[in-house]
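Observations on the three-dimensional arrangement
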Amino acid sequence: MDEETGERISRFDGVTLAGWQAGDDGGAPRGWRAVDGTLAIVGRGDDAQTERKFRNFNFQCEWKVQHRGNSGIFYRWADYAGYVSAGPEYQVIDDIGRKLPADRDNSVGATVDMYGPAADKPTRKAGQWNHTRIVAVDGEAEHGLNGIRVVNFDITSPEWTRRLKKSKFRRLWPFGRLYEGAFRLQNYGGMPVFYRDL
């Protein structure tokens, strides 16, 4: 994808939750803490959402989960007419511990319930650091895992529309069709997950 070089912005200072809020509601996200330079889930609580919204971007971070851990990175998350909020999700999960097929649409690197990642993706065990890259330029987006592109799609394409009609998001129109929104890290039942270098 063609990318314009833009401003490099750190989303985490390593010591505080500055710049993050509790979902769409504001205030500090419950269940999160800065731990040893990581943005960590330490208990049940809120999804952690950036206060700032982004349009086109090359987002990168590192993360690790514990055995059978589960989280996700939502992007372009925005309020749709005040009644629902949603955005595409990059799946963060322990494929190996959960014995998930590598190309399933809820396995690591997937666009959840829309596109499964490449079957030959470089999967790492729980407890090891992974590198994620999400590039979004207008209608096009791609997911990278540990240096390899594993998913790419175009939200303006007939293929996206076809998949959306079969997905759990089909009633959330215009799901994924907004070009600007926040990043949102999922707190899935308090499962410990650690993010850094966002």
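The structure we're discussing is the one just above.
About the criteria used
- Residues numbered from 1 in each chain as written.
- Predicted model: local features only at pLDDT ≥ 70, side-chain atom pairs only at ≥ 80, totals over all residues.
- Heavy atoms only, no water.
- Pairing = 2+ DSSP bridges.
- Helix = DSSP H or I, 4+ residues; strand = E, 2+ residues; numbered from the N terminus.
- Axes fitted to C-alpha atoms, helices over the stretch in contact; angles between N-to-C directions.
- Buried < 20%, exposed > 50% of the residue type's maximum accessible area, 1.4 Å probe, protein only.
- Polar contact = N/O pair within 3.5 Å; in protein donor to acceptor, adjacent residues only side chain to side chain.
- Contact = heavy atoms within 4.5 Å.

Quick look at the sheet that holds strand β13 (residues 193-196) now. Strand order in this open sheet of seven strands is β2-β3-β13-β5-β9-β10-β11, and the pairing throughout is antiparallel. The open sheet has two edge strands, β2 (32-35) and β11 (148-154), and neither has a second partner. Geometrically, the sheet is characterised by an average inter-axis angle of 25° between neighbouring strands, direction not taken into account. Sheet topology places strand β5 (residues 57-65) next to strand β9 (residues 130-137); seven bridges connect them, and they run antiparallel. Note on β9: the bridge partner recorded for Glu62 is His131.

This paragraph deals with the pairing of β5. Side chains of β5 alternate between two faces, with Phe57, Phe59, Cys61, Trp63 and Val65 buried and Asn58, Gln60, Glu62 and Lys64 left unburied. Pairing analysis gives four bridges linking β5 to β13, with the strands arranged antiparallel. When the sheet's bridge partners are listed, Lys64 is paired in β13 with Phe194.

Now for the side chain of Asn146. Take Asn146: it is sitting in the loop between β10 (140-145) and β11. Reaching out from Asn146, the side chain makes a polar contact with the side chain of Arg124 at a distance of 3.2 Å. Engagement of the side chain of Asn146 in a polar contact is seen with the side chain of Asn130, the distance being 3.1 Å. Leave out the neighbours within four places in its chain, and Asn146 touches Pro122, Arg124, Trp129, Asn130 and His131.

With burial as the criterion, each face of strand β3 (residues 38-41) is covered, one bearing Thr38 and Ala40 and the other bearing Leu39 and Ile41. Pairing between β2 and β3: four bridges, direction antiparallel. Looking across to β3, one finds that Arg33 is bridged to Ala40. Where β2 folds back on β3, the antiparallel hairpin that results is connected by two residues, among which Asp36 adopts a positive phi of roughly 50°. Pairing of β3 with β13, which is carried by two bridges, proceeds in the antiparallel orientation. Within β13, the position partnered with Leu39 by the bridge is Tyr195.

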